[in-house]
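# Observations on the model geometry
Here's the letter readout for the chains.
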Amino acid sequence: MDGQPILKISEFFDSIQGEGPYAGTPCVFLRLATCNLKCSWCDTKYTWDWENYDISTEIKETGICEMAEKISLSDKKHVVITGGEPLLQQAILVSLLSLLKRTGENENKSNAYFIEIETNGTVIPKKEMIDLVDQWNVSPKTSNSHNDQKGIDLDKIYEKSLLFYKDLRNASFKFVIDNLEDLVELEKILKKYDLPKGQVILMPQGTTKESMLDKSRWIINYAKKNNIAFSTRLQVLLWGNQRGK
Ligand code: SF4
């Protein structure tokens, strides 16, 4: 691929953002492969779980010029970079995003790309990365993800990184809520890291419409009472756990 930096890509598709502060926005999704966590309820295990998925068919190695061209062929200017954990490839991502931003700005200002990053919040982004990103959707994992059973100490990992993200003016914190105990843990995390409630969003855990709606009812009650935002996950309501939607 003529020496250009290579990204490990899982999927690329047109859709609408299904969750978070830009829910409902038409966009392109670039899903990067590999993750440093092992959440039990992960709905994108095909990006990292090589005991159950075939790495050689799941990962497409793509040069940044080819990727930028694919993105530019879409009529969407809102780009959601997700994973897996996209910041594991941040050095190369910086090159792709710089290229995209330059292209958009060369066309005209109103055509500039808007870049949204979805991260698990475990990796601290570099300065060059921060300058290129318009919205950070940080989704810290709680004990309902059972990473501890895989030998991953979430408390230790988040000790530094959440304090870092807290100070980014364009960061939202999306918490996936599965059960009532999660709300107790949520309150401890908000207090420990002093996360501003205005930047927190609660979302139900689930891969079916029924389980999502069921949990949404009591999560919304809690959200109303505590003046915290709620977000549904449109992609699950509309398509369950189908890929590429
Ligand atoms: S951080 Fe996200 S991609 Fe990684 S295992 Fe957890 S849910 Fe899956």
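Scroll up to find the structure this text is about.
Worth saying up front: this structure is predicted, and the values here are computed from it rather than measured. (Residues numbered from 1 in each chain as written. Predicted model: local features only at pLDDT ≥ 70, side-chain atom pairs only at ≥ 80, totals over all residues.)

## What to know about the overall build of the protein chain
Applied cut-off: Runs of E in the DSSP output that reach at least two residues are strands. Runs of H or I that reach at least four are helices, and both are numbered from the N terminus. We compute the radius of gyration over the C-alpha atoms and compare it with the globule rule, which gives 2.2 Å times the number of residues raised to the power 0.38. Our exposure labels follow a C-beta count within 10 Å of each residue's own C-beta, placed from the backbone: buried means 20 or more other C-beta atoms, exposed means 12 or fewer, and partly exposed covers the counts in between. Two residues qualify as a contact pair if the distance between their C-beta atoms, derived from the backbone, is within 7 Å.
Helix and strand counts for the protein chain come out as 8 helices and 9 strands. For a compact globule of 245 residues, the expected C-alpha radius of gyration is about 18 Å, and the protein chain comes in at 18 Å, within 12% of that figure. In the protein chain, which comprises 245 residues, the share counted as buried stands at 35%. Sequence separation of at least 24 residues holds for 73% of the intrachain contacts in the protein chain that already meet a minimum separation of 6.

## Remarks on the sheet that holds strand β5 (residues 114-119)
As a reminder, the rule being used: Criterion used throughout: strands pair if DSSP finds at least two bridges between them. Helix axes are fitted to C-alpha atoms over the stretch in contact, other axes to C-alpha atoms as well, and angles between N-to-C directions run from 0 to 180 degrees.
Taken in spatial order, the 9 strands line up as β3-β1-β2-β4-β5-β6-β7-β8-β9 in an open sheet, and their pairing is mixed. Across the chains shown, the open sheet's two edge strands, defined by having one partner strand only, are β3 (60-63) and β9 (229-230). With 7 bridges connecting them, strand β1 (residues 6-16) and strand β2 (residues 26-32) associate as antiparallel partners. Opposite I16, over in β2, you have P26 as the bridge partner. Set on the sheet, helix α2 (residues 64-73) makes contact with β1, β2, β3 and β4 (78-82); between it and β3 the angle comes to about 90 degrees. Each of β7 (171-177), β8 (200-204) and β9 touches helix α7 (residues 209-226); the most contacted strand, β8, lies at about 150 degrees to it.

## A closer look at the environment of L30
Residue placement: L30 occurs in strand β2. Accessibility expressed as a C-beta count within 10 Å gives 24 for L30, which makes it buried. Sequence separation between L30 and P5 is 25 residues, and the spatial gap between their C-alpha atoms is 16 Å. Every residue in contact with L30, bar those within four places of it in the chain, is listed here: I9, F12, V79 and I81.

## Description of the nonpolar core
Spelled out, the test is: A set of buried Ala, Val, Leu, Ile, Met, Phe, Trp, Tyr and Cys residues, joined through C-beta atoms within 7 Å, is what we mean by a nonpolar core.
Counting 39 residues, the largest nonpolar core has L30, V79, I81, L96 and L100 as its most contacted members. Ignoring sequence-local partners within four residues, the contact set of L100 consists of A68, I71, V79 and Y113.

## Thoughts on the environment of G20
Along the chain, G20 turns up in the loop between β1 and β2. Overall, the presence of 20 C-beta atoms within 10 Å leaves G20 in the buried class. Spatially, the C-alpha atom of G20 lies 9.8 Å from that of V138, the residues being 118 residues apart in sequence. Each residue touching G20, except ones within four places of it in the same chain, is listed here: N137, S172, K174, I201 and S231.

## With respect to unusual backbone geometry
Here the bond from G83 into G84 is cis, since omega is 15 degrees, no more than 30 degrees from zero. A positive phi angle is found at T34, which is not glycine, with a value near 80 degrees. As for its position among the elements, T34 is in the loop between β2 and α1 (55-58). If you check the backbone angles, D194 has positive phi at about 55 degrees while not being a glycine. Here D194 shows up in the loop between α6 (180-193) and β8.

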